[in-house]
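Structure at a glance
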Amino acid sequence: MHILFLVPYPPGKAPSQRFRFEQYLHFLTEAGHTYQLESFISEQTWAILYKPGHTLTKALGILGGFLRRFLLLFSVPKADFVFIHREASPIGPPIFEWIIAKLLGKRIIYDFDDAIWIPNTSAANSIVAGVKWHHKVGSICRWAYKVSCGNSYLRDYARQFNPNAIVNPTTIDTVNLHNEVKDQRTDQLVIGWTGTHSTMKYLEQVVPVLARLEQHYNFEFRVISNQEPQLPLRSLGFRPWRKDTEIADLLTFNVGLMPLEDDPWAKGKCAFKALQYMALGVPALVSPVGMNSEVVTEGIDGYICATPEQWYNGLEKLLRDHELRTHFGQAARATIEARFSVLANRDNFLALFA
């Protein structure tokens, strides 16, 4: 079969693409299939997309994306499946999806890992928020042959429109990428968090907890992100996210945090931060929101924290006991290998194209 992937970003750049389907592409080749990856955003536009200014260049980049999508329609007929991650175009109605499904009669595999039908406006995307056309998600689900959802919350939404919606979790490559395990016997203790600037707002709930811990324990709160955080913590450290040092940087964590607010948008989260920590043998402390409670088992491979006291107590226990961190880390790694690894999910992914 020939599979056409319509994706928002250039290959190898965005976590959602890397961990939802890019790491499975070699399995398609091994199975005798061919594929074609077509991004809406070009490499040049991606380089300045989240930088201030460059308004004209960004606008021209978006127009270029629409032109490439239009020209691509002429090669759609030779595809057996069209895999669409999130949307064929980042703004406007689902014109391309309608043409592909209704006029060209192609089988669409529609994939998403966030509650993208809910407006989630931030300063970075406020300009285009009004033309995002969030309500198109339901229509694309309806036209799709199958819908690939990151968790059960997203699947339940999709099943309102299409009974062929399945959970295809975000997974970790424990063989080729997250293939090391943290040695917890370290002199310096690091509590860590990784994520983009858009999710940094969730750290606000743990800042008072970390400030209390600072009074009694010596540790660094290390943030890995695309922007440096401004937090009132003397323990704060920052490392810019880089793909080539991502694993080494995460391995500096003794404990990883994933706080979330309990709102409709966060319920669509697929516990990606926790998956990364745990795959490397780093215990995760998470909010009981979204998929977090499905990934972390309380008191076995991490802690599920709903109150400031639960955050404080969980962090204190792990800061004080390297054997507990090691035990939790080993259990966490086993959880990922058994349930959330590329190898464990291989057949589930390939079945999308059955």
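Predicted, not measured: the structure shown is a model, and the values here were computed from it. (Residues numbered from 1 in each chain as written. Predicted model: local features only at pLDDT ≥ 70, side-chain atom pairs only at ≥ 80, totals over all residues. Heavy atoms only, no water.)

1. A look at the side chain of N151
Which entries qualify depends on this criterion: Each helix is a run of DSSP H or I of at least 4 residues and each strand a run of E of at least 2, with the numbering of both proceeding from the N terminus. Under this definition, polar contacts are N or O atom pairs within 3.5 Å; protein pairs additionally need one hydrogen-donor-capable and one acceptor-capable atom, and for neighbouring residues in sequence, both atoms have to be side-chain atoms. When checking whether two residues touch, look at their non-hydrogen atoms; a contact exists if any pair is within 4.5 Å.
Considering the arrangement of structural elements, one finds N151 in the loop between β5 (146-149) and α8 (152-158). A polar side-chain atom of N151 sits 3.0 Å from the main-chain carbonyl oxygen of K269. Aside from chain neighbours lying at most four places away, what touches N151 is V167, K267, G268, K269, C270 and M291.

2. Things to note about the sheet that holds strand β3 (residues 81-85)
Stated formally: At least two DSSP bridges between two strands are required for those strands to pair. Under this scheme, a helix contributes an axis fitted over its contacting stretch, all axes are lines through C-alpha atoms, and angles between N-to-C directions fall in the 0 to 180 degree range.
Read across the open sheet, the six strands follow the order β2-β1-β3-β4-β5-β6; overall the sheet is parallel. Single-partner strands in this sheet number two, and they are β2 (34-39) and β6 (165-167). Strand after strand, the sheet turns through a mean of 20° between neighbouring axes, direction not considered. In the sheet, strand β1 (residues 2-7) pairs with β3 via four bridges, with the strands oriented parallel. Along β3, the bridge assignment pairs L6 with I84. Sitting on the sheet, helix α4 (residues 55-72) is in contact with β1 and β2, with an inclination near 150° to β2.

3. A few points about the packing of helix α12 (residues 272-279) against helix α15 (residues 322-339)
Operational definition: Crossing handedness: left-handed means the near helix sits turned counterclockwise from the far one by under a right angle, and right-handed means the same turn made clockwise. Here the nonpolar group is Ala, Val, Leu, Ile, Met, Phe, Trp, Tyr, Cys and Pro; Asp, Glu, Lys and Arg are the charged ones; every other residue, Gly included, is treated as polar.
Taken N-terminus to C-terminus, the directions of α12 and α15 make an angle of 115°; their axes are 7 Å apart at the nearest point. The two elements α12 and α15 meet at a crossing, and its hand is left-handed. Along its contact with α12, which presents L275, M278 and A279, the element α15 presents G329, A332, R333, T335 and I336. Tallied by class, residues from the contact of α12 with α15 come to five nonpolar, two polar and one charged.

4. So, the pattern of salt bridges
In plain terms, the rule: A carboxyl oxygen of Asp or Glu within 4 Å of a side-chain nitrogen of Lys or Arg is what we treat as a salt bridge. A 1.4 Å probe rolled over the protein chains alone gives each residue an accessible area, and that area as a share of the maximum for its type sets the label: buried under 20%, exposed over 50%, partly exposed in between.
Across all of its chains, the model carries 16 salt bridges by this definition. With a shortest N-O distance of 2.7 Å, R20 and D111 are connected by a salt bridge. Separated by 91 residues along the polypeptide, R20 in helix α1 (residues 15-20) and D111 in strand β4 (residues 107-112) bring together distant segments of the chain. The exposure class assigned to D111 is buried, which follows from its relative accessible area of 0%. When the shortest N-O distance is used, the salt bridge between D114 and K269 registers 3.5 Å. Of the two residues, D114 is situated in the loop between β4 and α6 (126-129) and K269 in the loop between α11 (264-267) and α12; the sequence distance between them amounts to 155 residues. The class for D114 is buried, based on a relative accessible area of 11%. Several salt bridges share partner residues, and in doing so they unite R86, D113, D114 and K269 into one network.

5. Remarks on a nonpolar patch on the surface
Heads up, the rule is: A patch is a set of surface residues, each over 30% in relative accessible area and not in a salt bridge, joined within 9 Å for like charges and within 5 Å for the nonpolar side chains Val, Leu, Ile, Met, Phe, Trp and Tyr. Computed by Shrake-Rupley with a 1.4 Å probe, the accessible areas treat only the displayed protein chains as cover when residues are assessed.
A cluster of nonpolar side chains, contributed by L67, F70, L71 and F74, occupies part of the molecular surface with about 460 Å² of accessible area. With respect to the secondary-structure elements, F70 resides in helix α4. Note on F70: relative accessible area 46%, which makes it partly exposed.

6. With respect to helix α5 (residues 95-103)
Buried within α5 we find F96, E97, I99, I100 and A101. Elements that come into contact with the buried residues of α5 comprise β1, α4, β3, β4 and α7 (136-143).

7. Focus on the environment of E337
Position of E337 relative to the elements: it lies in helix α15. With sequence-adjacent residues up to four places away left out, E337 is seen in contact with T174 and A344.

8. Concerning the nonpolar core
Our working rule: Here, the term nonpolar core denotes a set of buried Ala, Val, Leu, Ile, Met, Phe, Trp, Tyr and Cys residues that are joined through side-chain atoms within 4.5 Å.
Y110, F112, V147, L210, F221, L285 and L315 are the most contacted members of the largest nonpolar core, which has 86 residues in total. Each residue touching L210, except ones within four places of it in the same chain, is listed here: I191, F219, F221, L233 and L315. F5, V7, I109 and F353 belong to the second largest nonpolar core, which has 16 residues in total.

9. Examining the pairing of strand β8 (residues 220-225)
The line we're drawing: By convention, orient the strands away from the viewer: a clockwise path from the first strand over the helix to the second makes the crossover right-handed.
Burial of β8 is extensive: six of the six residues sit out of reach of the surface. Taking every second residue as pointing to the same face, both faces of β8 are buried, with E220, R222 and I224 on one and F221, V223 and S225 on the other. Bridge count between strand β7 (residues 190-194) and β8: five bridges; the pairing is parallel. Residue pairing in the sheet places I191 in a bridge with F221 of β8. The parallel pair β7 and β8 is bridged by helix α9 (residues 207-214), and the resulting crossover is right-handed. Pairing geometry for β8 and strand β9 (residues 236-240), over five bridges, is parallel. By the bridge assignment for β9, S225 is matched with P240.

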